[in-house]
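As a plain string of letters, each chain reads:
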Amino acid sequence: MAGTGTGTALKLGLNSQQLPASSLFPHQNCSFLVATTNFSLSRSRSFQNHNPKALLSTDNKTERRDAVAVREGHKYDAIVIGSGIGGLVAATQLAVKGARVLVLEKYVIPGGSSGYYTRDGFKFDVGSSVMFGFSDKGNLNLITQALAAVGHKMEVIPDPSTVHFHLPNQLSVRVHREYDNFISELISKFPHEKQGILQFYGDCWKIFNSLNALELKSLEEPLYLFGQFFKKPLECLTLAYYLPQNAGAIARKYIKDPELLSFIDAECFIVSTVNALQTPMINASMVLCDRHFGGINYPVGGVGGIAEALANGLVNMGSEIKYKANVTNIILEDGKAVRVRLSSGKEFFAGKVISNATRWDTFGKLLKKEELPEEEKNFQKRYLKAPSFLSIHMGVKASVLPPDTDCHHFILEDSWANLEKPYGSIFLSIPTVLDPSLAPEGHHILHIFTTSGIEDWEGLGRRDYEHKKETVANEIIQRLEDKLFPGLQSSIVLKEVGTPKTHRRFLARDNGTYGPMPRGTPKGLLAMPFNTTAIDGLYCVGDSCFPGQGVIAVAFSGVMCAHRVAADIGLEKRSPVLDAALLRLLGWLRSMA
């Protein structure tokens, strides 16, 4: 959930068709679309607010670099398929470095699962309302840096807590913004495990502090890696040590209480939709520490403003984004990705192609090859598609919520065994607790997620499908009424329900999936693919690449991808000999995972 980014609710391109009233993304009432539905935004003017010191911008390139595109006869240096956070970060970082980039978005606004829609005065985030990487300090505030690189800064509202857990055996834990307050509360629930709690979360901080000390660029670019190692050898060795390890194994070194270990499973589940034994320790540490270091900060006006700001920044840097541009094919020539084809038949050429689709969509649908590359076969042997979600967006009367209600809640009522089962746990966001402007006066927004597989919704006729949506949604809402908010059902003034089929259709995700899930116990992040692929000229970005799901993770993926592509088109330093050696080494390590 921590992110795409996007875990259960911290993660959630799109279809240009108008949606029915009961669908997840009913944009037909959204006034924003008047100016943005069916044209290309392309301007090349000076960008007055551009910040040359932004950490993700280039250090010493002040003029455009068009030589590559001109030399190879391409209009664009790179095409990005999809405008999720990962794709937009990759696109804007390339534009800042001097590349000419074209983003092709299937829907009518940018953002994918980080988009929004309006209905009857309510402004709903499509996906997560939990925003990591949005602080004003450190190196892991990747959303802040990405915006600053294109001259934007968004006003944010600090969230005093990340999430309030409501768990079996009446266990209630609030994750306070202040780390000491959170640790004190957790120790008060498990006083006999004080030392184990401090050791486990202490290891998380070792990893986070190591990441936070480094300049984050592509792990597939050897000159960068060598430079970071010589500058920060201890931090690099720390990360190398934890790279093949999982959070659950580390927790079990220090903690014995089964309920506390189950709590850590829940902590990891909202990061990765799997338990701690299957969650890479580096992924867990990024989220479990950033929520205290930088804190959760909600953008004023809603999450959709992030993608809009990045898209506007991209245009202001002289690149382009086209909406209602449904890419159906990545075209190869002599084994190299050189162009893409839209459903309209129109084609665009570029030196490099970056796919922000899932790897299953990229290699199973966009790329028309009879044989999967060997590394993709290995990836699919180790990872399967994570489940999708049932999503419920509601407008309710404000009187139903107590005045001290937290913004984010995780509910698992009866048994720890239900944590990973479909509909077993519920994630709830109430963004109007932080930003009341998102709803009409006297009302709140409730955004509810619970895991659900697409197989549960296939083979139904239209009437049965709608009936099942209503039945399952009402059961989920009733659980929230019983646990948290008496009278919730009767307070509802607006309700929209989306199923995995909705997510598949409008977010262009195979089976509605939100990234990969390990088939067994992984060796940390060792087996996760990076941005390069076995296809020359084709790169992937987003939640099915290293480091995985979540807002910070997909933004990191975008930064890494932009750096690797920039090196490959001559906008960053590179060593072809070292590149080849490193890529072979990384491939070997993945094969050993």
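Calculation notes
- Residues numbered from 1 in each chain as written.
- Predicted model: local features only at pLDDT ≥ 70, side-chain atom pairs only at ≥ 80, totals over all residues.
- Heavy atoms only, no water.
- Helix = DSSP H or I, 4+ residues; strand = E, 2+ residues; numbered from the N terminus.
- Buried < 20%, exposed > 50% of the residue type's maximum accessible area, 1.4 Å probe, protein only.
- Contact = heavy atoms within 4.5 Å.
- Pairing = 2+ DSSP bridges.
- Axes fitted to C-alpha atoms, helices over the stretch in contact; angles between N-to-C directions.
- Left-handed = near helix turned anticlockwise from the far one by under 90°.
- Nonpolar A, V, L, I, M, F, W, Y, C, P; charged D, E, K, R; others polar.
- Salt bridge = Lys/Arg side-chain N within 4 Å of Asp/Glu carboxyl O.
- Disulfide = S-S within 2.5 Å.
- Parallel < 35°, antiparallel > 145°, perpendicular 65-115°, else oblique.

A. Quick look at the environment of glycine 515. Summarising the element assignment, glycine 515 is placed in the loop between α16 (500-507) and β20 (516-518). Accessibility expressed as a relative area gives 0% for glycine 515, which makes it buried. Glycine 515 sits 243 residues away from serine 272 along the chain, and the two C-alpha atoms are 9.0 Å apart. In this structure glycine 515 touches Trp360, Leu384, Lys385, Ala386, Arg509, Asp543 and Gln549, once residues within four positions along its chain are discounted.

B. Quick look at the sheet that holds strand β15 (residues 388-397). With mixed pairing, seven strands are arranged side by side in an open sheet as β8-β7-β16-β17-β18-β15-β19. Here the strands that pair on one side only, and so sit at the sheet edges, are β8 (171-176) and β19 (492-498). Neighbour-to-neighbour, the strand axes of the sheet open up by a mean angle of 15°, direction not taken into account. Where strand β7 (residues 161-167) lies against β8, five bridges are found, and the strand directions are antiparallel.

C. Region of interest: the environment of glycine 558. Residue placement: glycine 558 occurs in helix α17 (residues 551-568). Look at glycine 558 and you get buried, because its relative accessible area is 0%. Residues glycine 558 and asparagine 531, spaced 27 residues apart in sequence, show a C-alpha to C-alpha distance of 8.8 Å. For glycine 558, the residues in contact, after removing those within four places along its chain, are Gly86, Val89, Ala90 and Val541.

D. Unusual backbone geometry, seen in detail. The omega angle of the peptide bond from phenylalanine 546 to proline 547 is 5°, so this bond is cis rather than trans. Considering the arrangement of structural elements, one finds proline 547 in the loop between β21 (538-540) and α17. Positioned with a positive phi, aspartate 334 is a non-glycine residue whose angle comes to about 55°. For aspartate 334, a relative accessible area of 87% puts it in the exposed group.

E. How the structure looks around the packing of helix α4 (residues 179-189) against helix α5 (residues 194-213). Taken N-terminus to C-terminus, the directions of α4 and α5 make an angle of 145°; their axes are 10 Å apart at the nearest point. The handedness of the crossing between α4 and α5 is right-handed. Contact residues: Tyr179, Phe182, Ile183, Leu186 and Ile187 in α4; Lys194, Ile197, Leu198, Tyr201 and Trp205 in α5. For the contact of α4 with α5, the per-class residue count stands at nine nonpolar, no polar and one charged.

F. Region of interest: the pattern of salt bridges. Under the definition given, this model contains 24 salt bridges. With a closest N to O distance of 2.6 Å, glutamate 347 and arginine 339 form a salt bridge. Accessibility expressed as a relative area gives 13% for arginine 339, which makes it buried. Salt-bridge contacts for aspartate 568 lead to arginine 574; the nearest nitrogen and oxygen are separated by 3.9 Å. Residue classification places aspartate 568 among the partly exposed positions, given a relative accessible area of 21%. Residues participating in the shared-partner salt-bridge network are Glu333, Arg339, Arg341 and Glu347.

G. Structural context of the state of the cysteines. Following the criterion strictly, the structure yields zero disulfides and no others. Free of any disulfide, cysteine 268 has its nearest neighbouring cysteine sulfur in cysteine 204, separated by 7.8 Å. On the basis of relative accessibility, which here comes to 0%, the residue cysteine 268 falls in the buried class. You can see cysteine 540 has no disulfide; the closest cysteine sulfur is in cysteine 545, sitting 5.0 Å from it. For cysteine 540, a relative accessible area of 1% corresponds to the buried category.

H. Representation of the pairing of β7 in the model. The element β7 is largely enclosed, with a buried count of seven among its seven residues. Between the end of β7 and the start of β8, which pair antiparallel, lie three residues, with asparagine 169 showing a positive phi angle near 60°. With three bridges connecting them, β7 and strand β16 (residues 408-411) associate as parallel partners. Along β16, the bridge assignment pairs histidine 166 with isoleucine 411.

I. Layout of the packing of helix α2 (residues 85-97) against helix α11 (residues 304-316). In contact at an axis separation of 9 Å, α2 and α11 are set at 25° when each is read in the N-to-C sense. In this view, α2 runs roughly parallel relative to α11, as classed from their interaxial angle. Here α2 runs over α11; the crossing is left-handed. Contact residues: Ile85, Leu88, Val89, Ala91, Thr92 and Ala95 in α2; Ile306, Ala307, Leu310, Ala311 and Leu314 in α11. Within the contact of α2 with α11, the residues separate by chemical class into 10 nonpolar, one polar and no charged.

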